[in-house]
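Fold and geometry: a report
For reference, the chains in residue letters:
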Amino acid sequence: MKQLSSVELVLLQIIAESKQTSGYEINKLIEQRGFREWAKIGTTSIYAGLQKLNEKRLIQSDTPTDKLGKGPLPVKFTITEIGKQVLRTEIIDCLSSTRERDNRFDLGIAALPLIQKEEAVEALKKRYEFLREASLNIREKYEVQGGEQLPLHVWALFFHPLNLIETELQFIAQLISKLEGGATR
């Protein structure tokens, strides 16, 4: 069950990685990693998300007392124990997501270092099995609807998701192999 928005998930992940960071530093890291491209994170949503995470007690804020330079003191954020638990659950949920193409899966991949390898492998295997089942269901519907006799546009509606799923299955198998220390590509 999704507890966090995609923005909150990215923010919590970055705070967990950084141990202690400011909104400004988070904004810079989001820009560097290209999260804006696929997670739709604007500067305003960063600060709104930080406020929501603070209200949910998943992070805590601290204003340092040692001022350097001009301007206001930056508020620094750290993840709480509850935040760590929620983040772990969200990452596993993202990695075992039930859709063929879901940005939250990408967020789960970005957060792989924050969970145990075994947890990641188990979640990815669940995703693999779900997608394999989805592929079988689509193929079965294709055959029931008429298979090769279907008009081109109907054929395309079946085979577009099938091709995406097959590519995703290959990727997940490679990722699991790498996590388990297998052959790399």
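Overview of the structure.

1. Quick notes on the overall build of the protein chain
The secondary structure content of the protein chain amounts to eight helices and three strands. For the protein chain, the N- to C-terminal ordering of α and β elements is α-β-α-α-α-β-β-α-α-α-α. Buried positions account for 41% of the 185 residues belonging to the protein chain. Taking as baseline every contact in the protein chain between residues at least 6 positions apart, the subset at least 24 positions apart corresponds to 61%.

2. Overview of the pattern of salt bridges
Note on pairing: side chains with opposite charge can pair once their charged atoms come close. Under the definition given, this model contains eleven salt bridges. The closest approach of N and O atoms between Glu-8 and Lys-56, which form a salt bridge, is 3.1 Å. In this pair, Glu-8 sits in helix α1 (residues 6-18) while Lys-56 sits in the loop between α4 (43-55) and β2 (59-62), placing the two residues 48 residues apart along the sequence. Accessibility expressed as a relative area gives 4% for Glu-8, which makes it buried. Classification of Lys-56 by relative accessible area gives partly exposed; the value is 38%. With a shortest N-O distance of 2.4 Å, Arg-104 and Glu-90 are connected by a salt bridge.

3. Some points on the sheet that holds strand β1 (residues 21-22)
Across the sheet, three strands lie side by side as β1-β3-β2; this open sheet has antiparallel pairing. Looking at which strands have only one partner, the edges of the open sheet turn out to be β1 and β2. As defined by bridge partners, β1 adjoins strand β3 (residues 76-79) across two bridges and the pair is classed as antiparallel. Pairing of Thr-21 across the sheet is with Phe-77, part of β3. Relative to β2, α4 is tilted by about 110°, and along the sheet it contacts β2 and β3.

4. Description of the nonpolar core
Membership of the largest hydrophobic core comes to 49 residues, with the highest contact counts inside it found for Leu-11, Leu-12, Ile-26, Ile-30, Leu-50, Leu-95 and Leu-124. Taken together, the elements giving at least two residues each to this core come down to α1, α2 (23-33), α4, β3, α5 (81-95), α6 (103-110), α7 (117-145) and α8 (152-179). Looking at which element gives the most residues to this core, the answer is α8, with nine residues.

5. Points about the side chain of Ser-135
Structurally, Ser-135 can be placed in helix α7. A relative accessible area of 8% places Ser-135 in the buried class. Once you skip the residues sitting within four places of it in the chain, Ser-135 turns out to touch Leu-162 and Ile-165.

Quick notes on the rules
Residues numbered from 1 in each chain as written. Predicted model: local features only at pLDDT ≥ 70, side-chain atom pairs only at ≥ 80, totals over all residues. Heavy atoms only, no water. Helix = DSSP H or I, 4+ residues; strand = E, 2+ residues; numbered from the N terminus. Buried < 20%, exposed > 50% of the residue type's maximum accessible area, 1.4 Å probe, protein only. Contact = heavy atoms within 4.5 Å. Salt bridge = Lys/Arg side-chain N within 4 Å of Asp/Glu carboxyl O. Pairing = 2+ DSSP bridges. Axes fitted to C-alpha atoms, helices over the stretch in contact; angles between N-to-C directions. Core = buried A, V, L, I, M, F, W, Y, C linked by side-chain atoms within 4.5 Å.

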